[in-house]
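Chains, contacts and geometry: an overview
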Amino acid sequence: MKRMVLILSAAVLIASCGSQGNKVAKLEKATGTMSEVLPKVKIPKANASQIAADVAFLASDDLEGRDTGSDGILAAAKYLQNRLHEIGLQPYKGDFFDDFEAKGAQAFNVVGMLPGTDGVLKDEIVVIGAHYDHIGFMKAVAGDSLANGANDNATGTASVLAIAQALKQVDFNRRTVVFALFSAEEKGLLGSKHLAKRMKAEKENVVAMLNFEMIGTPMVGREYIAYITGHDKSNMASVFNAANNNRLVTGKLDKAVEYNLFMRSDNYPFFNEFQVPAQTFSTFDFTNFKYYHQPGDEVSEVNAPHMAAVVDAVMPGIMAVLNNERLKMMANE
């Protein structure tokens, strides 16, 4: 029997040793509706030290800025494959590497999955993703020409790994989760475009996409810890805030609307292909980080405890989306 970290009596656990779908039904019968069961799930805290280690590796000088087609990004892809395997995820469709061509260069998305546990909802997929590529070398600033890409986007990548670790430990997801780490985002969202089109062609039932981008520094003067792009396009913000006992976790950033960030990250190809809620979580507020696409985007400029706090804040919302809440597009969008 798969371990469920729930505050339940031993009798209930023993009684639910059938199929996972039957377990869910019995848990609901024993403890109430799914909305009542979920608050009893113990979600582990994110490990800031592991997040820091993942960012440090991805943004190290040895990886030379993770430009698509480089030796450095291949090393990053192998590292991420090993991390997904260590966490205990299954490879997506038999292979962690999702190969494609990016403007003449060989590229790899790194993709793992947690199969859903409900007899019906397991056919619905929630994609959780981030891009792990960056821009490599550029014009030197103060003698430094290497763009390490710590905040953009080793932070989002490390956070997706932390979410995957937490969900594997919780072991309670009715819907299937696909964890997608994209290459060639900096070339025009090519990795996410490839995977979204592939999943569409394979007739996968993607119902939502949650993307993480540049979450390495705290926002300034905001009540919420992160904003989501395309805030008014779905009920995602209200679902995530409600899952945190109506504590304001995510909100709307006017600058994100002004710069149309909704269309500028890896959520957008999934929105295009599936017409479902597909949005990006970020804490880059245009005032709190001055090294966007510059050599100064180093590990020393990002904050691992903050990243862990973001992961902890979004986990109740992720659990709701995977188990009982159906995200909806807004009627007027």
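This text gives an overview of the structure that appears in the document.

All right, on to helix 10 (residues 267-274) then. Burial runs high along helix 10: 6 of the 8 residues are buried. All of the buried residues along helix 10 are Asn267, Tyr268, Pro269, Phe270, Phe271 and Phe274. The inward-facing, buried residues of helix 10 contact strand 4 (124-131), strand 7 (176-182), helix 7 (190-201), strand 8 (205-212) and strand 11 (278-282). Positive phi shows up at glutamine 275, right after helix 10, with a value of about 50°.

For the structure on display, the rule yields 13 salt bridges. With its nearest N and O atoms 2.9 Å apart, the salt bridge here joins lysine 93 to glutamate 202. Residue lysine 93 is found in the loop between strand 1 (90-91) and strand 2 (97-102), and its partner glutamate 202 is found in the loop between helix 7 and strand 8; the two are separated by 109 residues along the sequence. A residue is classified by how much of its surface remains accessible, and glutamate 202, at 34% relative accessible area, is partly exposed. Of the charged contacts, one joins lysine 197 and glutamate 273 as a salt bridge, the two residues approaching to 3.1 Å between their closest N and O atoms. One end of the pair, lysine 197, is in helix 7; the other, glutamate 273, is in helix 10, and 76 residues separate them in sequence. Through salt bridges with shared partners, one network takes in Lys93, Asp98, Arg198, Glu202 and Glu204.

As for its position among the elements, threonine 283 is in the loop between strand 11 and helix 11 (304-323). Separated by 55 residues in the primary sequence, threonine 283 and isoleucine 228 have C-alpha atoms spaced 8.8 Å apart. Among all residues touching threonine 283, those that are not within four sequence positions of it are Glu213, Met214, Ile215, Gly216, Thr217, Met219, Ile225, Ala226, Tyr227, Asn288, His306 and Val310. A polar side-chain atom of threonine 283 sits 2.7 Å from the main-chain carbonyl oxygen of threonine 217.

Another aspect to go through is the pairing of strand 11. The buried count for strand 11 comes to 5 of 5 residues, which makes it a mostly enclosed element. Residue alternation in strand 11 divides its side chains into two sets, Ala278, Thr280 and Ser282 and Gln279 and Phe281, and both sets are buried. In the sheet, strand 8 pairs with strand 11 via 4 bridges, with the strands oriented parallel. In the strand pairing of strand 11, leucine 210 is matched with glutamine 279. Alignment of strand 9 (residues 226-228) against strand 11, held across 2 bridges, turns out to be antiparallel. Note that in strand 11 the partner of tyrosine 227 across the bridge is serine 282.

About the criteria used
Residues numbered from 1 in each chain as written. Predicted model: local features only at pLDDT ≥ 70, side-chain atom pairs only at ≥ 80, totals over all residues. Heavy atoms only, no water. Buried < 20%, exposed > 50% of the residue type's maximum accessible area, 1.4 Å probe, protein only. Helix = DSSP H or I, 4+ residues; strand = E, 2+ residues; numbered from the N terminus. Contact = heavy atoms within 4.5 Å. Salt bridge = Lys/Arg side-chain N within 4 Å of Asp/Glu carboxyl O. Polar contact = N/O pair within 3.5 Å; in protein donor to acceptor, adjacent residues only side chain to side chain. Pairing = 2+ DSSP bridges.

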